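Commentary on secondary and tertiary structure
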Amino acid sequence: AVVSTQSTGEEGENVAEGKPTTSSSSAAGGASEHGVDGNKDGDFYKESCVSTAVEQGPVWWSVDLGHVITVGHVIVFPRLDRSYSKYLDQAMVTVGEHECGRIAFQKNTPWYLVGCGGVQGDTVTIRKDFGVLQFCEVVVLTT
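Attention in this report is confined to the structure presented alongside it. (Residues numbered from 1 in each chain as written. Predicted model: local features only at pLDDT ≥ 70, side-chain atom pairs only at ≥ 80, totals over all residues. Heavy atoms only, no water.)

Observations concerning the pairing of strand E7 (residues 98–102)
Two faces make up the sheet, and in a regular strand the side chains alternate between them. So the rule is basically this: In short, DSSP must find at least two bridges between two strands for them to pair. By definition, any uninterrupted DSSP run of H or I lasting at least four residues is a helix, any uninterrupted run of E lasting at least two residues is a strand, and each is numbered from the N terminus.
Where strand E6 (residues 92–95) lies against E7, 4 bridges are found, and the strand directions are antiparallel. Counted as the bridge partner of methionine 92 is arginine 102 from E7. Count of turn residues in the E6/E7 antiparallel hairpin: 2 residues, of which glycine 96 carries a positive phi of about 55 degrees.

Right, dumping it as structure tokens:
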């Protein structure tokens, strides 16, 4: 799927949609595969968002891209029905072993664009050091 420049300001092929996913845990109907189902709706209760359980240690979600890909950007669509920083603030986005950057929570932000600068990897992971991780879609754009 191609992401429209009108929605995010970036364009390219979304190489994550429909790919296999895993997560450290799942809670409240927030299955890991919801993160790449193509539905960017930020309403958690429409059953298209990811949620880990509350954990003492690291919480994470990952998508297997199937082969090594050069990644330009990762776009994370947050939960928008509640504006809680605890769901995404300070989450690290990685491609393979390469750290692209941390998400800095901002109220009512429709998406977070994380630049990866053309690093290569076969997985994209979103990780927090503790707590719960919730978001509604991840788009991975090639360079």
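What about the packing of aromatic side chains?
To keep it simple, the criterion reads: Each aromatic pair joins two rings of Phe, Tyr and Trp (for Trp, the six-membered one) with centres within 6.5 Å, and gets the label stacked for planes under 30 degrees apart, edge-to-face for over 60, and tilted for any other angle. Think of it in three bands: with a 1.4 Å probe and only protein chains considered, a residue is buried below 20% of the maximum accessible area for its type, exposed above 50%, and partly exposed in between. The rule for a charge over a ring is simple: NZ of Lys or CZ of Arg within 6 Å of the ring centre, and within 35 degrees of the ring normal.
Going through the model one piece at a time under the given rule, you end up with 2 aromatic pairs. Centroid distance phenylalanine 44 to tyrosine 45: 5.6 Å. Interplanar angle 85 degrees. Geometry classified as edge-to-face. Residues tryptophan 61 and phenylalanine 135 carry aromatic rings whose centres are separated by 5.2 Å and whose planes lie at 85 degrees to one another, so their mutual orientation is edge-to-face. Pair noted here: tryptophan 61 is in strand E5 (residues 59–77) and phenylalanine 135 is in strand E9 (residues 134–135), with a separation of 74 residues, a long-range link. A relative accessible area of 0% means that tryptophan 61 is categorised as buried. Over the face of the ring belonging to phenylalanine 77 we find lysine 40, whose NZ or CZ atom lies 5.7 Å from the ring centre.

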